[in-house]
Amino acid sequence: MANLTTNFIGIKSPNPYWLASAPPTDKEYNVVRAFKAGWGGVVWKTLGAEGPPVVNVNGPRYGAVWGADRRLLGLNNIELITDRPLEVNLREIKQVKRDWPDRALVVSLMVPCDEESWKAILKHVEDTDADGVELNFGCPHGMSERGMGSAVGQVPEYIEMVTRWVKQHSRMPCIVKLTPNIADIRKPAEAAKRGGADAVSLINTINSITSVNLDTFSPEPMIDGKGAHGGYCGPAVKPIALNMVAEIARNAETHGLPISGIGGVTTWRDAAEFMTLGAGSVQVCTAAMTYGFGIIKELTAGLSQYMDEKGFTSVEQLVGRAVPNVTDWQYLNLNYVAKAKINQDLCISCGRCFAACEDTSHQAISMSPERKFEVIDAECVACNLCVNVCPVQDCITMEPMAKGKVDPRTGETVGDYANWTSHPNNPMAKAAE
Amino acid sequence: MSNSPTTPGIVPARLHSEDYARHFDDLYPSYDPHEAMVAADRCYFCHDAPCITACPTEIDIPLFIRQIQAGQPEAAGKTIFNQNILGGMCARVCPTETLCEGACVREAAEGKPVEIGRLQRYATDKLIAKNAHPFTRAPSTGKRVAVVGAGPAGLACAHRLALHGHDVTLLDAREKPGGLNEYGIAAYKAAHDFARAEVDWLLQIGGITLRQGWKLGVDGTLAELQAEYDAVFLGIGLAGVNALGVAGEDAPGARDAVDFIAELRQTEDLSMLPIGRHVVVIGGGMTAVDAAVQSRLLGAEHVTMVYRRGRDQMGASDYELSHAANEGVKIITNAMPVAVHANGALREVEFAYTHQGPTGLEPTGETFRLKADQLFKAIGQKLEGAPEGLTLDGRKLSVGADGRTSLAGVWAGGDCTGGGEDLTVTAVAQGRDAAESIHAALTAKG
């Protein structure tokens, strides 16, 4: 079995799976259950400043989007930071860390945007012997209306400033959690790095309305006839999160900055994908909230088996492996020519490829009276839509054409690598040497 | 209760009274909404879907399933009824494994088709339960059409004609409308008096006058109908039953399976219906299966179905046959009856094994006897009481594609005609299409 031990910015855990700062990590009871189940670490649900705790709504906090058979695909929430007294949380954190020294225990923080508030809370956290802090600059609802959470995360200068305070007033490793509700994720990451952050974690949740009740005309989740946008998470947000992680990983300014990947991690495969794009650890919430803590057994065993199959002996060997292959569109090889190919033995003649291609794409699939579907190479642009709508896995594949062959669509010979930067249609093209 | 499955002879009340309700309840209860959503999600919404082509009434199946997915089963029901006004009964009795579900691409892919029949049942039940008829009649045309036979073909024809604004007189010889839906199929396929409820719902279109107890050739002739109405549709079914042609087939205890099924369907308290301890059913079609299975459900100890050819040539579908086997019916193939032995009461039926010879089916020379208190004959029905003057195609009425007979102004459809496979759904398609043809003829200019 591959060794899943993880050392993320000096924080050690027996595996790279941490529970994200969220309801599952709000108190000792839940966290101890998670550790007993085998989770590698937790980010304790966000603590606020001293004083009366925040209050939550007393109606639904969650909304959802479902797939077939009510499989939960996306979840949103309007819950705020912990609504338990600060001293209770601090006492429990200290106890848990003492009882579970081998697990990662990071404390999420969100206090008003002034130096004294941060200085005060950091002192308290240090006293718990927690492994580090995560700055919640991501929460998109409620707290942001009070100038915290994503209200900070959307302004790179604030991120840099607060991060700097944290590093000045604490010796603890500092992770800055980023909001995806921003145009360019690289800017807040760069700001965090300038402020001295040891790592970033992302994504936090995405502003969302999960549905509208068509009888009451109110958005869901609904509180007394009204709804507020909440933070969206779960499997539906994973593609957005993967891209944002990759953008930071391949950005020259932030390359090498440790990343804790978050967003829809549901199976070991999702975790492995985040790791190949540069995440040194992953954080999980929705999958645990949907299925309970028991999923950790599949997450760890699955990753371990995959690493064994690939010959990786430590998670570090996986981290960032796909980053060099993430590029900009302009560098994609325009001389890479593929054609769709339908495996007639696997085809079940549903005709979805035909409908998709005929109605919405390039009219590159023919249909015979016997319902035999075939690709017309002279029309196929290899867009991949037929592959994506085919209900049979591997029935339609994209077959690259060998160099030197003539593309029947364009009449041109498949040549060597060439991209847009040197393409004759590009007015900005650089002349070939 | 003193009788049991082993009581000799033909006796009632072989079972506990509560067993009857259970045995004759819905074979498959309707889906609950979540089941329907999960089942509907399996549909791929195929392009030019094979299931539509396989349906004699060409219901837009992917569309109605998508409407279930989208949370509007009543709209799905209307999509079905647009094409097939008896879509509720067809959902219960269609041999879907040889029609829509047999053509489903998931049948090819994984041997597990989308459960189209049950989804159709779900959608049609939802709409009928609202008890609001989904179609509105066109303004009256003043044209009058006589529809003879209130079975599936006649009902479909009458409804479509009424929809187009024609005034329909629906004539039927029996006490209740519905034809084979009411009298000719197993009770557990149309539980809770569904056949009657469906007719009542269908008649809500308006413009249809139902006359029960009116028999063609007895209470009126075709010529009289032609004189009185602008058009006539014949959906008279097959009133005759084929005889075995062996000695002793009229012995006490031997009867036609269709009569047994009709009696069963009209019996309020099934514990009062007598059934043999040893029942033999001769035939290989749906009627034979329905008689055999229901004999078991009434408490017969031994029920054997005997068919003269091989299993692959049986009219009953594989699904029906495995259902029969599951209910404890023994199925013997390649054996034909040669004698019925009675001694006052029926005692035994003698069979000869058969094989395919150069000139047809031949006895092999080996015979066997089956104990029998009761014998049900189910080797097919035939046209009987057809009016004179109509051209026949073999033993059935000859019709064109639009249901026109050889007589001007007379259309026909359903089992009495040559086309199709004598299925409810085929009869519906023929009745509907004949109605469209009649409508076109009645409204033609000039």
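(A) Fine view of helix α5 (residues 156-169) of chain A. If you check α5 of chain A, its first and last C-alpha atoms are 20 Å apart, about what 14 residues at 1.5 Å a residue would give, namely 20 Å. Tucked inside the fold, the buried residues of α5 of chain A contact α3 (115-126), β8 (132-136), α4 (150-153), β9 (174-177) and α6 (186-195) of chain A.

(B) Seen up close, the interface of chain A and chain B. Counting from both sides, the interface comprises 13 residues of chain A and, opposite them, 12 residues of chain B. In this assembly, chain A packs against chain B so that about 980 Å² is buried in total across both faces, 65% of it on carbon and sulfur atoms. Summed over the shared surface of chain A and chain B, the number is zero salt bridges. Between chain A and chain B we count five residue pairs in polar contact (both at pLDDT 80 or more) in total. A per-element tally of the side of chain A that touches chain B places helix α11 (residues 352-360) of chain A first, with three residues. Across the side of chain A that touches chain B, the residue classes break down as seven nonpolar, two polar and four charged.

(C) Focus on the packing of aromatic side chains. Inspection of the entire model under this criterion finds 10 aromatic pairs over all chains. When the ring of W39 of chain A is compared with that of F293 of chain A, the centres are 6.4 Å apart and the planes differ by 70°; the resulting orientation is edge-to-face. Linking W39 of chain A in the loop between α1 (28-37) and β4 (41-47) with F293 of chain A in the loop between α9 (286-291) and α10 (296-310), this pair joins segments that are 254 residues apart in sequence. Grouping residues by exposure puts W39 of chain A and F293 of chain A together as buried. For the pair F260 of chain B and F376 of chain B, a centre-to-centre distance of 4.1 Å together with 20° between the ring planes defines the contact as stacked.

(D) The side chain of H159 of chain B, seen in detail. Mapped onto the elements, H159 of chain B comes out in helix α10 (residues 152-163). Not counting chain neighbours up to four residues away, the residues in contact with H159 of chain B comprise I85, H133, F135, L202, I205 and I208 of chain B.

(E) View of the domain arrangement of chain B. Residue and element names in this part refer to chain B. On domain assignment, one finds that chain B holds domain 1 (10-25 + 241-381), domain 2 (33-129) and domain 3 (144-239 + 383-442). On a C-alpha basis, the centroid separation for the pair domain 1 and domain 3 is 30 Å. Of the residues lining the interface, 18 residues belong to domain 1; the matching set on domain 3 comes to 19 residues. Together, the buried faces of domain 1 and domain 3 total about 1,500 Å²; carbon and sulfur atoms form 44% of this surface. Together, R265, Q266 and Q381 form the three largest contributors to the area buried by domain 1 at its contact with domain 3, with a combined 40%. The interface formed by domain 1 and domain 3 contains two salt bridges.

(F) Local environment of a nonpolar patch on the surface. Residues and elements named next belong to chain A. Where nonpolar side chains cluster on the molecular surface, the patch consists of I209, V212, L214 and F217 and spans about 470 Å² of accessible area. Of note, F217 is situated in the loop between β12 (211-213) and β13 (218-220). On the basis of relative accessibility, which here comes to 64%, the residue F217 falls in the exposed class.

(G) Region of interest: the sheet that holds strand β15 (residues 259-262) of chain A. Residue and element names in this part refer to chain A. Pairing is parallel in the closed barrel, where eight strands are placed in the order β3-β4-β7-β8-β9-β10-β15-β16. Neighbour to neighbour, the strand axes of the sheet diverge by 25° on average, direction disregarded. The sheet contact formed by strand β3 (residues 17-19) and β4 spans two bridges and is parallel. Pairing of L19 across the sheet is with V42, part of β4. Across the sheet, α1 lies against β3, β4 and β7 (104-109), angled at about 165° from β4, the strand it touches most.

About the cut-offs
Residues numbered from 1 in each chain as written. Chains lettered and ligands numbered in written order. Predicted model: local features only at pLDDT ≥ 70, side-chain atom pairs only at ≥ 80, totals over all residues. Heavy atoms only, no water. Helix = DSSP H or I, 4+ residues; strand = E, 2+ residues; numbered from the N terminus. Expected span 1.5 Å × (residues − 1). Contact = heavy atoms within 4.5 Å. Buried area = accessible area lost by both parts, 1.4 Å probe. Salt bridge = Lys/Arg side-chain N within 4 Å of Asp/Glu carboxyl O. Polar contact = N/O pair within 3.5 Å; in protein donor to acceptor, adjacent residues only side chain to side chain. Nonpolar A, V, L, I, M, F, W, Y, C, P; charged D, E, K, R; others polar. Phe/Tyr/Trp six-rings, centres within 6.5 Å; stacked < 30°, edge-to-face > 60°. Buried < 20%, exposed > 50% of the residue type's maximum accessible area, 1.4 Å probe, protein only. Domains from an automatic or database assignment. Patch = residues over 30% accessible without salt bridge, like charges linked within 9 Å, V, L, I, M, F, W, Y side chains within 5 Å. Areas by Shrake-Rupley, 256 points an atom, 1.4 Å probe, with all protein chains shown as cover. Pairing = 2+ DSSP bridges. Axes fitted to C-alpha atoms, helices over the stretch in contact; angles between N-to-C directions.

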